[in-house]
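Structure at a glance
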Amino acid sequence: MKNLRWIVPALLLAVAAPGCVLVSGQFLIDFNLENFTTSTDTVVTREDVDLTTKSDYQDHKDDLKGLSDVAVLGKVTNNGATAIGVEVWMTAGPTAYLTPGQVTAGGTKLWGPFNLAAGASKQVGWDESAKLFSSAGKALLLNEIKGDGQFTIYAIADTGTYTFTVDNGVLALVIDFGK
Amino acid sequence: MKRALALALLALAVGAGAAQAAGPGVGIGPYGGYNIALIQQDTGNGSVFGVRAPVNLIPLITVEPYYATSNLGDVTEKFGGLSYTRTGFDMKAFGATAILGSVGGGGLKFYPYAGIGSYKMTRTGSDDIKETGYNFGLGIGVPAGPKMSVQMRGGLDMIVTGDTSRKFASATIGINYNLMSGK
C-alpha cells in the first residue's frame, strides 16, 4: 500500500511537466483606428495596421500561440437614408483598393455586418462585436499576428450606396502566449 | 488528454470497487469559494460552487470525484475614451482528485491534493473551450462533529488549451459529511 504514495507526487509532476503550458497567459492588445467618414461617393477607407508599433505585441511576439478573443469597437453613425450593415475586410499584405467591389473581390471578410438603421448611431458592444467575426477572417488575422503583424483593413457596408462615420475605432485582440 | 482523463476515471471506478470490498470511508460535501483568473486579461474573477465525494480507499489515499461550476466576472476596459465590457466565462468541471491521507475522521488534517478533470468554458462570442484540466493544492480539515468536518482548500486549476493554458487560483471552504466511516 505504501507504493501508492507516488500518486499525488505523480499527478503534481504531470501538471508541472509541460512548462510551456504553465508559463502562459492571455494578453489584451488594442490598436486605435483614425476617426473617419466613408461613403460610396469617395474611395474606400482603409487602415494599415502595424502591430509591431505596440510594445505588448513586441514583448510577446516570439511566444504567440493563438488568438483568444477579438473585437472591432467604436461608435458608428449611419449618415444615410437607408439601413446599412457595416463590414470590415482585410488583406494580408499592404493594398490600396479604391472601391467596395475591389475590396470584396480581393480581400477577406473579417467582421460584420453590424446593422444600423438610417440615421442611427450606436457604440459597438464588446460581446456583440466578438460574435461578428468570420471564421476565415479570424484565421487570416491569426496568421498575420503570428507573421509580420502588418495588414490592411477596410470599412465598407453591405449596401449599394452608403455613408457612415466611425469614431474612436479600436481593434482589440486578446492573444494567447506561452513560453 | 482525453485518454488520461478516461484512465483516471477508470482508476477511480476500480479503486472504489476495491475500497468497497475492504470497507471504505465515504463522504460527501458541498463547497463554495472564489476563483481568481491568473494572467488572463479577457475574463474576471468569480465565485465557484461544487460538490465532492471523498472515498478513502486505504489509509494513505483518498480519491475524490468532484463537480464544480464557476461564474467568472466581466472585464471592463476603456478603449479610445469609451468604456466596454466583455462578459466573463461560465466554467463547469468534473473529474477526480487524489488526496494524500484522508479528509474525515478525528483530528485536524493537513493534506496535499492533485487531480484531473474535464473543463468546459463558455461565453457569448467565443468558441467553447472543452479541455482537460489539472488541479492541485493544499487542504485543511477541521473536525466539526462526530461525522462532519470543515474543509478549507487553496490551490491552482489549469485548463490546457493547446500550447497555452487558462489558470485560476482558488480558495474554497466546505463541509464533509461521512456517510461511511470505513471501519
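Parameters at a glance
Residues numbered from 1 in each chain as written. Chains lettered and ligands numbered in written order. Predicted model: local features only at pLDDT ≥ 70, side-chain atom pairs only at ≥ 80, totals over all residues. Heavy atoms only, no water. Helix = DSSP H or I, 4+ residues; strand = E, 2+ residues; numbered from the N terminus. Buried < 20%, exposed > 50% of the residue type's maximum accessible area, 1.4 Å probe, protein only. Contact = heavy atoms within 4.5 Å. Areas by Shrake-Rupley, 256 points an atom, 1.4 Å probe, with all protein chains shown as cover. Salt bridge = Lys/Arg side-chain N within 4 Å of Asp/Glu carboxyl O. Buried area = accessible area lost by both parts, 1.4 Å probe. Polar contact = N/O pair within 3.5 Å; in protein donor to acceptor, adjacent residues only side chain to side chain. Nonpolar A, V, L, I, M, F, W, Y, C, P; charged D, E, K, R; others polar. 1 Å grid on protein atoms, 1.4 Å probe; cavity = no way out; pocket = protein on both sides within 12 Å on 5 of 7 lines; lining within 4 Å. Points joined across faces, edges and corners; volume = space filled by probe spheres on them. pLDDT = per-residue confidence, 0-100. Patch = residues over 30% accessible without salt bridge, like charges linked within 9 Å, V, L, I, M, F, W, Y side chains within 5 Å. Phe/Tyr/Trp six-rings, centres within 6.5 Å; stacked < 30°, edge-to-face > 60°. Pairing = 2+ DSSP bridges.

Describing the overall build of chain B
A tally of regular secondary structure across chain B gives one helix and 11 strands. For chain B, with 183 residues in total, the buried portion stands at 50%. The contacts of chain B with a sequence gap of at least 6 include a subset with a gap of at least 24, amounting to 58%. Accessible area for chain B stands at about 8100 Å²; split by element, carbon and sulfur atoms hold 64% of it.

A look at the pattern of salt bridges
Applying the stated rule across the entire model yields 10 salt bridges over all chains. Its salt-bridge partner being Lys122(A), residue Glu128(A) comes within 3.2 Å of it at the nearest N-O pair. Residue classification places Glu128(A) among the partly exposed residues on the basis of a relative accessible area of 28%. Put simply, Asp42(B) and Arg166(B) hold a salt bridge, and the shortest N to O gap is 2.9 Å. On the criterion of sequence distance, the pair formed by Asp42(B) in the loop between β1 (25–38) and β2 (46–52) and Arg166(B) in strand β11 (residues 164–181) is long-range, its members being 124 residues apart. Like Arg166(B), Asp42(B) is buried. Salt bridges linked by common partners bring Asp69(A), Asp127(A), Asp42(B), Arg86(B), Arg123(B) and Arg166(B) together as one network.

As for the interface of chain A and chain B
With 38 residues of chain A in contact, the opposing surface of chain B contributes 39 residues. For the pair chain A and chain B, the summed buried area comes to about 3400 Å², and 66% of that belongs to carbon and sulfur atoms. At the boundary of chain A with chain B, the tally comes to three salt bridges. Taken together, the links from chain A to chain B amount to 14 residue pairs in polar contact (both at pLDDT 80 or more). Mapped by element, the contributors of at least two residues to the side of chain A that touches chain B are α1 (7–16), α2 (19–22), β1 (24–32), β4 (64–78), α5 (126–131) and β9 (163–178) of chain A. Its residues assigned to classes, the side of chain A that touches chain B shows 20 nonpolar, nine polar and nine charged.

Some details on empty space enclosed by the protein
All told, the structure shown has four cavities of 30 Å³ or more when counted by the stated rule. Lining the largest cavity are 22 residues, and of these Tyr31(B), Tyr66(B), Asn135(B), Asp157(B) and Ser170(B) sit closest to its centre. At the level of secondary structure, the elements contributing two or more residues to the lining of the largest cavity comprise β1, β2, β4 (61–72), β7 (90–100), β8 (109–122), β9 (129–143), β10 (148–161) and β11 of chain B. When its volume is computed, the second largest cavity comes out at roughly 230 Å³. In terms of lining residues, the second largest cavity is bounded by 19 residues, among which Leu33(A), Phe36(A), Val72(A), Val88(A) and Ala155(A) are the most central. Among the elements of the structure, β3 (45–50), β4, β5 (84–91), β6 (108–116), β8 (150–157) and β9 of chain A are those that each provide at least two residues to the lining of the second largest cavity. If one sorts the elements of the lining of the second largest cavity by residue count, β4(A) sits on top with four residues.

Here's the deal with the confidence of the model for chain B
A low pLDDT score tells you not to read the predicted coordinates there in detail. Residue and element names in this part refer to chain B. Mean pLDDT for chain B: 88, with 86% of residues reaching 70 or above. Mean pLDDT across the elements of chain B bottoms out in helix α1 (residues 2–22) (46) and peaks in β2 (98). In this model, residues 7–22 is a region of pLDDT below 50 whose contacts with residues beyond four sequence positions or in other chains number nine contacts. Predicted as a complex, the structure gets a pTM of 0.84 and an ipTM equal to 0.85.

Looking at a nonpolar patch on the surface
The grouping of Ile28(B), Val51(B), Tyr67(B), Phe94(B), Met148(B), Ile175(B), Tyr177(B), Leu179(B) and Met180(B) at the surface amounts to a nonpolar patch, some 760 Å² of accessible area in total. The dominant element in the nonpolar patch, judged by the number of residues it contributes, is β11(B), at four residues.

Regarding the packing of aromatic side chains
Residue and element names in this part refer to chain A. In the structure shown here, the tally under the stated rule is six aromatic pairs over all chains. Between phenylalanine 27 and phenylalanine 177 the ring centres are 5.0 Å apart and the planes differ by 45°, which places this aromatic pair in the tilted class. With a gap of 150 residues between them, phenylalanine 27 in strand β1 and phenylalanine 177 in strand β9 connect regions that are remote in the sequence. Each member of the pair, phenylalanine 27 as well as phenylalanine 177, carries the same accessibility label: buried. Residues tyrosine 162 and phenylalanine 164 carry aromatic rings whose centres are separated by 5.6 Å and whose planes lie at 40° to one another, so their mutual orientation is tilted.

Notes on unusual backbone geometry
The residue after Gly112(A), namely Pro113(A), is reached through a cis peptide bond having omega 10°. Inspection of the secondary structure puts Pro113(A) in strand β6.

Side note on the pairing of β10(B)
All names here are of chain B. Among the 14 residues that make up β10, 10 are buried, leaving the element largely enclosed by the rest of the structure. Bridging between β9 and β10 involves 11 bridges; their strand directions are antiparallel. Across the sheet, tyrosine 134 pairs through a bridge with methionine 158, a residue of β10. Connecting β9 to the antiparallel partner β10 that follows it, the hairpin turn spans four residues, and glycine 145 within it adopts a positive phi of roughly 140°. The pairing of β10 with β11 spans 14 bridges and is classified as antiparallel. Paired with valine 160 across the bridge in β11 is serine 165. Joining the antiparallel neighbours β10 and β11 is a turn of two residues, in which glycine 162 adopts a positive phi near 70°.

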